[in-house]
Amino acid sequence: MIRLFVDSDLTEAARITIGAEPSHYLTRVMRLGPGAALLVFNGRDGEWRATLAEVSKRGCILVPEFQVRPQATTPDLELVIALVKRARLETIVEKAAELGVRRVRLVLTERTNADHANVARLTAIATEASEQTGRLDVPTVVAPQPLSVVLSGIEPGRRLMFCDEGGEATPVAEALSGAFAGPWAVLIGPEGGFSPAERAAIRDLAFALPVSLGPRILRADTAAIAALSVWQSTLGDWRGLEVGPSAAQVN
Ligand code: SAH
């Protein structure tokens, strides 16, 4: 069933006006007509069955009928990713949304060759991925900041999984097994890797845990997907503790 992320509050019989773009997607691309049913979520009120009440050139009206899934949060996991080439960064954001991160923080390092990113476009990609993957929220994409600013901004209590291709880090599954299952950030460097000075500064942080993702050098997108997958399977919601997508979702 089609899922749509909306900003509005979801309450019974509210009337939600959606703009031209999502309306075009529903009526033209997905060929829904008045009376059609779909699922809506807003990151706060869980997932609701809704009806496409009105269709017009200006937009559509959705009416939430009843809640099918209560709001649930994903584990407090964030991805801190160095600015890599646009296409690869877009893949990383989409995969991070599917892999359940709460936030994607873009970071500038000595060897990143871009200094800005299209946060609006990356947010749209994260939203679409969240609709497809059955999440009840959309990860936020935080605009690029220098590595030092991001590292000093990590709140007390959050651990940092430093994916260090330097070679002498602990194998990731071993490093994470039995680790603290609270808030974590996963740090992935740029195509050129971290500089020796950056590597030393990160390793100096008490809350940083350097990990190896195996004997081969992975591209940033592969490393992000691999690191997030291992984290979710050892400390996150791949351990089968959470309710999976609703039945309405799967069939
Ligand atoms: N410096 C590498 C390229 C870096 S790959 C080179 O010489 O080509 C981009 C990022 O992916 C790295 O900064 C690191 O965070 C992560 N990464 C890649 N392979 C890794 C590995 N085997 N172990 C840990 N992290 C890895």
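Residues numbered from 1 in each chain as written. Predicted model: local features only at pLDDT ≥ 70, side-chain atom pairs only at ≥ 80, totals over all residues. Heavy atoms only, no water.

Turning our eyes to something else, we now look at the packing of helix 2 (residues 86-98) against helix 7 (residues 220-234). Between helix 2 and helix 7, the least distance of the axes is 9 Å, while the angle of their chain directions is 10°. As the angle between them shows, helix 2 and helix 7 are arranged roughly parallel. Along its contact with helix 2, which presents Arg88, Ile92, Lys95 and Ala96, the element helix 7 presents Ala220, Asp221, Ala224, Ile225 and Leu228. Class assignment of the residues belonging to the contact of helix 2 with helix 7 gives a composition of 6 nonpolar, no polar and 3 charged. (Axes fitted to C-alpha atoms, helices over the stretch in contact; angles between N-to-C directions. Helix = DSSP H or I, 4+ residues; strand = E, 2+ residues; numbered from the N terminus. Parallel < 35°, antiparallel > 145°, perpendicular 65-115°, else oblique. Contact = heavy atoms within 4.5 Å. Nonpolar A, V, L, I, M, F, W, Y, C, P; charged D, E, K, R; others polar.)

With that out of the way, let us pick up the sheet that holds strand 4 (residues 47-55). Strands sit in the order 1-3-4-5-2 across an open sheet of 5 strands; the sheet is mixed. The strands lining the two open edges of the sheet, one partner per strand, are strand 1 (3-5) and strand 2 (16-18). Across this sheet, the average inter-strand angle for adjacent strands is 45°, counted without regard to direction. Bridging between strand 1 and strand 3 (residues 37-41) involves 3 bridges; their strand directions are parallel. Bridging across to strand 3, Phe5 finds its partner in Phe41. On top of the sheet, helix 1 (residues 20-29) reaches strand 1, strand 2, strand 3, strand 4 and strand 5 (60-69); it is set at about 90° to strand 2, its chief contact. Contacting strand 1 and strand 3, helix 3 (residues 119-133) crosses the sheet at an angle of about 145° to strand 1. (Pairing = 2+ DSSP bridges.)

A word on the domain arrangement of the protein chain. Each domain of the protein chain was delimited in the assignment, giving domain 1 (3-69) and domain 2 (77-238). The C-alpha-based centres of domain 1 and domain 2 are spaced at 33 Å. Between domain 1 and domain 2, the contact holds 8 residues from the first and 8 residues from the second. Together domain 1 and domain 2 conceal approximately 660 Å² of surface at their shared face, both sides included; 62% is due to carbon and sulfur atoms. Sorting the residues of domain 1 by area buried against domain 2 places Arg3, Phe5 and Phe41 first, and these three jointly supply 64% of that buried surface. Inspection of the region where domain 1 meets domain 2 yields 0 salt bridges. With 3 residues, strand 1 is the single largest residue contributor to the side of domain 1 that touches domain 2. Split by residue class, the side of domain 1 that touches domain 2 holds 3 nonpolar, 2 polar and 3 charged. (Domains from an automatic or database assignment. Buried area = accessible area lost by both parts, 1.4 Å probe. Salt bridge = Lys/Arg side-chain N within 4 Å of Asp/Glu carboxyl O.)

Our focus in this paragraph is the pattern of salt bridges. Summed over the entire model, instances satisfying the criterion amount to 19 salt bridges. For Arg15, the salt bridge identified is with Glu54, shortest N-O distance 2.5 Å. In this pair, Arg15 is assigned in the loop between strand 1 and strand 2 and Glu54 in strand 4, connecting sequence segments 39 residues apart. With its nearest N and O atoms 2.9 Å apart, the salt bridge here joins Glu94 to Lys95. In this structure Lys95 comes out as partly exposed when scored by relative accessible area, which is 23%. One salt-bridge network, held together by shared partners, links Asp164, Glu165, Glu168, Arg199 and Arg203. (Buried < 20%, exposed > 50% of the residue type's maximum accessible area, 1.4 Å probe, protein only.)

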